[in-house]
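Below, each chain spelled out in residue letters.
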Amino acid sequence: MKNKLIYNLLFAFALIVLSCKETTDESLKNDISKKESYYTEAYRPQYHFTPDEKWMNDPNGLVYHKGVYHLFYQHYPDSTVWGPMHWGHATSKDMVRWEHKPIALYPDENGLIFSGSAVVDMDNSSGFGTKENPALVAIFTYHLMSGEKAGRKDFQTQGIAYSLDNGDSWTKYEGNPVIGNDGIKDFRDPKVFWNEKESVWTMLLVAGDHLQIWNSPNLKEWEQVSEFGKDQGAHGGVWECPDLFPLQVEGTDAVKWVLLISINPGAPNGGSGTQYFVGDFDGKTFTSYQKENKWLDLGRDNYAGVTYNNTPNNERIFIGWMSNWDYARDTPTEKWRSAMTVPRKLSLQKNNDVYELINYPLTAMDAIIEKNAKELDLAVAPNQTKTIELVKNNQSEISFSTTGREFQLSLKNSIGDSLGIVLKGSEGSLVFDRTASGLTAFAGNFATGVQTMFVPNLPKDEVEIRMLLDKSSIELFVNKGQYVMTNQIFPRDAFTTLAVKNLSKDSLLLNRLTENRVQRIWD
Ligand code: FRU
């Protein structure tokens with residue numbers, strides 16, 4: 001009897017152990033398949049930042065603090081199209097891999113949370129933190145829907161919030177809004193930075209067709225000190241997302257200030273784009289004698305980009321939203337919508353007496369580029385085409401150097417999608433053609449024509465052409481970021497070949513042509 005009891009107990013115990021094992025195996029399997037399917041939807045970028053799900057637009061609050069790079073962003077957590085704006089949040093230790101964080105800022109009675117910036121209040125000028133634990137302060141635009149719907153003009157005001165735990169939780173300032181509105185319909189996108197010339201905080205604000213500059217001792221009380229741009233630069237659309245920072249002119253001791261202004265519409269290749277001005281800032285006023293309109297990126301998908309505050313070594317790091325208001329709401333993705341550009345380092349050159357803003361991927365990115373592909377020196381005879389095989393995963397870096405100035409590159413797949421890039425040195429231009437690159441009909445104005453970029457100051461010697469290809473984007477850097485085009489693409493299958501056509505009467509040499517795989521950053 002006793003034996004039977006022991007036997008039954010042992011049997012029951014074995015059953016429990018077995019069934020536990022089954023559930024553990026099952027949940028392990030689920031875990032693994034969840035991991036394998038994580039971030040693998042069609043067109044999901046593998047090494048560009050995208051929100052886990054739902055809508056994203058502008059990067060906001062780019063700031064480095066205590067070893068962490070913060071990326072906040074315009075986010076609507078209930079839909080894949082634009083709606084009531086929140087600030088989404090992600091962090092990175094290396095500017096390559098990102099960790100998603102809970103939503104940082106929610107709309108409140110003052111309105112939705114539009115674009116803005118963040119600073120570290122080192123000297124505790126706001127009184128929100130202490131000198132030992134300085135507050136992270138976010139400065140953003142409130143957009144009051146009821147005001148807009150009522151046809152008023154004063155529905156955009158500026159507010160602030162602070163965090164004492166490096167961005168994990170946020171408290172809105174009870175004195176919000178810190179800047180009201182006297183009836184300017186588009187009055188937004190505060191970029192704040194510490195102004196060493198005046199020992200004050202400086203805020204850049206766009207007001208429809210121009211920039212306003214405001215100064216403050218404590219981030220709470222602001223006074224307007226100047227304005228810029230009513231009759232300078234491109235005015236095909238409303239001014240948005242300003243930024244202003246000093247850069248040393250390469251190879252000299254001179255320092256110039258660069259002002260970024262996004263405009264929508266009115267970009268040279270249609271819709272949204274980012275212009276820049278090179279000039280001087282005396283602590284209150286920005287002046288620029290620049291005559292022609294200059295653009296940071298001539299592709300169609302780099303908008304609302306701004307730079308980091310407080311970076312180690314004062315490195316000027318830029319991130320843009322890789323989309324265009326012409327069709328941002330219509331791109332063919334389901335779970336999430338839109339991505340950021342890779343982080344880029346900004347620098348300034350003076351070429352042929354012209355200032356040029358250079359933007360080029362951060363070297364930190366090299367950590368995920370598998371530099372083990374063979375380098376090929378490819379010679380192409382006049383009017384001939386040579387074709388090379390690609391790794392066929394649309395997740396790679398393709399690069400070469402050349403003195404050639406007349407050639408065509410085509411990325412192709414087996415079902416007829418083709419993406420074209422033509423360098424026309426004799427005309428000083430480069431043409432980008434995504435009209436037959438895959439899905440394009442989701443929006444009438446996605447692929448209406450080719451895009452042109454002027455490349456007037458290309459040097460005569462060898463230049464590097466570098467392309468970063470991800471599942472639904474291509475970033476093209478000519479001569480290490482002297483000329484840049486960023487574009488979304490939706491090929492129906494991975495590109496399998498690169499065709500190189502020599503359009504000149506001389507033989508064409510592409511030196512050190514390689515395609516390196518780029519690792520995915522999500523696990
Ligand atoms: C730029 C922009 C900003 C605004 C935000 C709203 O893309 O229009 O001017 O603050 O998006 O989401």
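Small disclaimer: the values here were computed from a predicted structure and weren't measured.

Procedures and definitions
Residues numbered from 1 in each chain as written. Predicted model: local features only at pLDDT ≥ 70, side-chain atom pairs only at ≥ 80, totals over all residues. Heavy atoms only, no water. Helix = DSSP H or I, 4+ residues; strand = E, 2+ residues; numbered from the N terminus. Rg over C-alpha atoms; globule rule 2.2 N^0.38 Å. Buried < 20%, exposed > 50% of the residue type's maximum accessible area, 1.4 Å probe, protein only. Pairing = 2+ DSSP bridges. Near = heavy atom within 4 Å. Polar contact = N/O pair within 3.5 Å; in protein donor to acceptor, adjacent residues only side chain to side chain. Areas by Shrake-Rupley, 256 points an atom, 1.4 Å probe, with all protein chains shown as cover. Nonpolar A, V, L, I, M, F, W, Y, C, P; charged D, E, K, R; others polar. Axes fitted to C-alpha atoms, helices over the stretch in contact; angles between N-to-C directions. Phe/Tyr/Trp six-rings, centres within 6.5 Å; stacked < 30°, edge-to-face > 60°. Lys NZ or Arg CZ within 6 Å of the ring centre and 35° of its normal. 1 Å grid on protein atoms, 1.4 Å probe; cavity = no way out; pocket = protein on both sides within 12 Å on 5 of 7 lines; lining within 4 Å. Points joined across faces, edges and corners; volume = space filled by probe spheres on them. Salt bridge = Lys/Arg side-chain N within 4 Å of Asp/Glu carboxyl O. Contact = heavy atoms within 4.5 Å.

**Considerations on the overall build of the chain**
Here is step 1: Of regular secondary structure, the chain possesses two helices and 34 strands.
Here is step 2: A globule of 523 residues ought to have a C-alpha radius of gyration of about 24 Å, and the chain, at 26 Å, matches this closely.
Here is step 3: Structurally, the chain occupies a C-alpha span of about 100 × 70 × 45 Å along its principal axes.
Here is step 4: Scored against the burial criterion, the 523 residues of the chain give a buried share of 58%.

**A short note on the sheet that holds strand β7 (residues 156-163)**
Here is step 1: An order of β5-β6-β7-β8 is seen for the four strands of this open sheet, with the pairing classed as antiparallel. Of all the strands in the sheet, the pair left with one neighbour each is β5 (112-120) and β8 (171-172).
Here is step 2: With two bridges joining them, β7 and β8 adopt antiparallel strand pairing. Residue pairing across strands places tyrosine 162 opposite threonine 171, the latter belonging to β8.

**Some words on the pairing of strand β33 (residues 497-502)**
Here is step 1: Counting buried positions along β33 yields five of six residues, so the element is predominantly enclosed.
Here is step 2: In the sheet, strand β24 (residues 385-389) pairs with β33 via five bridges, with the strands oriented antiparallel. When the sheet's bridge partners are listed, threonine 387 is paired in β33 with alanine 499.
Here is step 3: Two elements, strand β26 (residues 406-412) and β33, share six bridges in a ladder whose sense is antiparallel. The partner of phenylalanine 407 across the bridge, within β33, is asparagine 502.

**Some remarks on the site of the ligand**
Here is step 1: Surrounding the ligand, one finds Asn57, Asp58, Gln74, Trp82, Met85, Phe114, Ser115, Arg188, Asp189, Glu240, Tyr303 and Trp325.
Here is step 2: Measuring from an oxygen atom of the ligand, one finds a side-chain N or O atom of aspartate 58 at 2.7 Å.
Here is step 3: A distance of 3.2 Å separates an oxygen atom of the ligand from a polar backbone atom of serine 115.
Here is step 4: Burial of the ligand by the protein amounts to 95% of the accessible area it has alone, namely 320 Å².
Here is step 5: Of all the secondary structure elements, the ones that give two or more residues to the shell around the ligand are β1 (54-65), β5 and β9 (187-195).
Here is step 6: Here the residues of the shell around the ligand are counted per class, giving five nonpolar, three polar and four charged.

**Focus: the sheet that holds strand β28 (residues 429-433)**
Here is step 1: Here six strands make up an open sheet; going across it, the order is β24-β33-β26-β27-β28-β29 and the pairing antiparallel. Each edge of the open sheet is held by one strand with a lone partner, namely β24 and β29 (451-454). When strand polarity is set aside, the average angle formed by the axes of neighbouring strands in this sheet is 15°.

**Quick word on the packing of aromatic side chains**
The geometry of two aromatic rings is summed up by the distance between their centres and the angle between their planes.
Here is step 1: Throughout the structure, instances matching the rule amount to 31 aromatic pairs.
Here is step 2: Ring plane angle 50° and centroid distance 6.1 Å describe the contact between phenylalanine 49 and tryptophan 522, whose orientation is recorded as tilted. Within this pair, whereas phenylalanine 49 is found in the loop between α1 (2-37) and β1, its partner tryptophan 522 is found in the segment after β34 (508-517), the two being separated by 473 residues in sequence. Here phenylalanine 49 matches tryptophan 522 in class, with each residue buried.
Here is step 3: Considering the side-chain rings of phenylalanine 128 and tyrosine 162, the 4.2 Å spacing of their centres and the 10° angle between planes classify their relative orientation as stacked. With phenylalanine 128 in the loop between β5 and β6 (136-143) and tyrosine 162 in strand β7, the pair connects residues that are 34 residues apart, well separated along the chain. As far as burial versus exposure is concerned, phenylalanine 128 and tyrosine 162 are alike and both buried.
Here is step 4: A cation over a ring is seen here: arginine 44 above tryptophan 336, with NZ or CZ 4.2 Å from the ring centre.
Here is step 5: When the ring centre of phenylalanine 128 is taken as reference, the NZ or CZ atom of lysine 220 above it lies at 4.8 Å.

**Overview of the pairing of strand β18 (residues 303-307)**
Here is step 1: Most of β18 sits inside the fold, with five of its five residues counted as buried.
Here is step 2: With three bridges joining them, β18 and strand β19 (residues 317-321) adopt antiparallel strand pairing. Bridged to tyrosine 303 within β19 is tryptophan 321.

**A word on the layout of surface pockets**
Here is step 1: Size it by volume and the largest pocket reaches roughly 740 Å³.
Here is step 2: Lining the largest pocket are 29 residues, with Phe193, Trp194, Glu196, Asn314 and Arg316 positioned closest to its centre.
Here is step 3: Elements that contribute at least two residues to the lining of the largest pocket include exactly β5, β9, β13 (238-248) and β14 (255-264).
Here is step 4: Looking at which element gives the most residues to the lining of the largest pocket, the answer is β13, with six residues.
Here is step 5: A breakdown of the residues in the lining of the largest pocket according to their chemical character gives 14 nonpolar, seven polar and eight charged.

**Section: the pattern of salt bridges**
Here is step 1: Under the counting rule described, the total for this entry stands at 26 salt bridges.
Here is step 2: For the salt bridge of glutamate 198 with lysine 284, the shortest nitrogen-to-oxygen distance reads 3.9 Å. A residue pair is termed long-range when its members are at least 10 positions apart, and glutamate 198 in the loop between β9 and β10 (200-207) and lysine 284 in the loop between β15 (273-281) and β16 (286-287) qualify at 86 residues.
Here is step 3: Of the charged contacts in the structure, one is a salt bridge between glutamate 315 and lysine 345, with a shortest N-O distance of 3.9 Å. Linking glutamate 315 in the loop between β18 and β19 with lysine 345 in strand β21 (residues 344-351), this pair joins segments that are 30 residues apart in sequence.
Here is step 4: Each of the salt bridges in this network shares a partner with another, and the network as a whole consists of Lys185, Asp186, Arg188, Asp189 and Glu240.

**Overview of the side chain of lysine 256**
Here is step 1: Along the chain, lysine 256 turns up in strand β14.
Here is step 2: Separated by 3.2 Å, the side chains of lysine 256 and aspartate 280 make a polar contact.
Here is step 3: Setting aside its immediate chain neighbours within four residues, lysine 256 contacts Phe245, Pro246, Leu247, Val249, Val278, Gly279, Asp280, Leu348 and Tyr355.

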